[in-house]
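Remarks on the overall topology
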Amino acid sequence: MSKEIELDVRAEVPARRHELIFETYNNLAVGDAFVLVNDHDPKPLYYQFAAEQAGKFTWDAIEEGPERWQVRIGRTEPSA
């Protein structure tokens, strides 16, 4: 596994955050992961991953607020 990436989206405008997150995910090799740092609970993002990448990702909460959330998101399958 390569060095883990940290993607801190707290300074990004909300409209751009999911785009950046999915771009980072799509660039991962199978077995790699990145740590997402956010200023709110990323539960809606989890549901988007579950709908669009079902069975192809891992989601491990590291820190759960109240001001900072961290989640390790990994790729388990190649994109189709």
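One can find the structure itself at the top, above this paragraph.
Residues numbered from 1 in each chain as written. Predicted model: local features only at pLDDT ≥ 70, side-chain atom pairs only at ≥ 80, totals over all residues. Heavy atoms only, no water.

The helix and strand inventory of the protein stands at two helices and four strands. Ordering the α and β elements of the protein from the N terminus gives β-α-β-α-β-β. For 80 residues, the compact-globule estimate of 2.2 N^0.38 gives 12 Å, and the protein sits close to it at 12 Å. Looking at the protein as a whole, 34% of its 80 residues are labelled buried. A fraction of 62% describes how many contacts in the protein between residues 6 or more apart in sequence connect residues 24 or more apart. Accessible surface, the protein: about 4900 Å² in total, of which carbon and sulfur atoms supply 50%. For the protein, the distance from the average position of its 9 positive side-chain charges to the average position of its 15 negative side-chain charges is 2 Å. (Helix = DSSP H or I, 4+ residues; strand = E, 2+ residues; numbered from the N terminus. Rg over C-alpha atoms; globule rule 2.2 N^0.38 Å. Buried < 20%, exposed > 50% of the residue type's maximum accessible area, 1.4 Å probe, protein only. Contact = heavy atoms within 4.5 Å. Areas by Shrake-Rupley, 256 points an atom, 1.4 Å probe, with all protein chains shown as cover. Lys, Arg positive; Asp, Glu negative; His and termini not counted. Charge placed at Lys NZ, Arg CZ, Asp CG, Glu CD.)

It helps to recall that an α-helix has 3.6 residues per turn; residues three or four apart then point in one direction. Its 13 residues place the ends of helix H1 (residues 14-26) 19 Å apart at the C-alpha level, agreeing with the 18 Å of an ideal helix rising 1.5 Å per residue. Along H1, the residues that are buried comprise Arg17, Leu20, Ile21, Phe22, Thr24 and Tyr25. Of the surrounding elements, those touching the buried residues of H1 are strand E1 (5-8), strand E2 (33-38), helix H2 (43-52), strand E3 (57-64) and strand E4 (69-75). (Expected span 1.5 Å × (residues − 1).)

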